[in-house]
Amino acid sequence: MCLGIPGQIVEITDAARMAAMAEVSGVRREVNVACVAEGPLEGLIGQWALIHVGFAMSLIDEEEAAKTLDALRDLGEAQEALEQMAAGDAALEGRA
């Protein structure tokens, strides 16, 4: 299964390479926008995209991006809680 992370295209960094800067939860990284480019690349600035391994795979709207980011945060919190529970069980069993 592949997981796309929502990111907002904030800048075109190299049009010849179809490269843009995307911001994902406050972190910026360069991504390839060839899969989502339809016309001048400047039209992508401000757009939200699902990003996977350095490629913007599809465009999504801002509402869908927010919902996906919320779900990913919830999954991270759930994983953290499970890890804490496992650590607590291990401590009770004397394995810590």
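Residues numbered from 1 in each chain as written. Predicted model: local features only at pLDDT ≥ 70, side-chain atom pairs only at ≥ 80, totals over all residues. Heavy atoms only, no water.

**Student:** Mind showing me how you'd approach unusual backbone geometry here?
**Tutor:** Positive phi is not limited to glycine here, since M18 has a value of about 60°. Tracing the chain through its elements places M18 in the loop between β1 (5–14) and β2 (19–24). Looking at M18, the relative accessible area reads 25%, which means it is partly exposed. With a phi close to 50°, S25 is a non-glycine residue in the positive phi region. (Helix = DSSP H or I, 4+ residues; strand = E, 2+ residues; numbered from the N terminus. Buried < 20%, exposed > 50% of the residue type's maximum accessible area, 1.4 Å probe, protein only.)

**Student:** Is there a simple way to explain the pattern of salt bridges in this structure?
**Tutor:** If charged atoms from side chains of opposite charge come close, those side chains can pair. By the definition in use, this model includes five salt bridges. The partner of D70 in a salt bridge is R73, with the nearest N and O atoms 3.0 Å apart. Within this pair, D70 and its partner R73 are both found in helix α1 (residues 62–92), separated by three residues, close to a single helical turn. Via salt bridges that share partners, D14, R17 and E30 belong to a single interconnected network. (Salt bridge = Lys/Arg side-chain N within 4 Å of Asp/Glu carboxyl O.)

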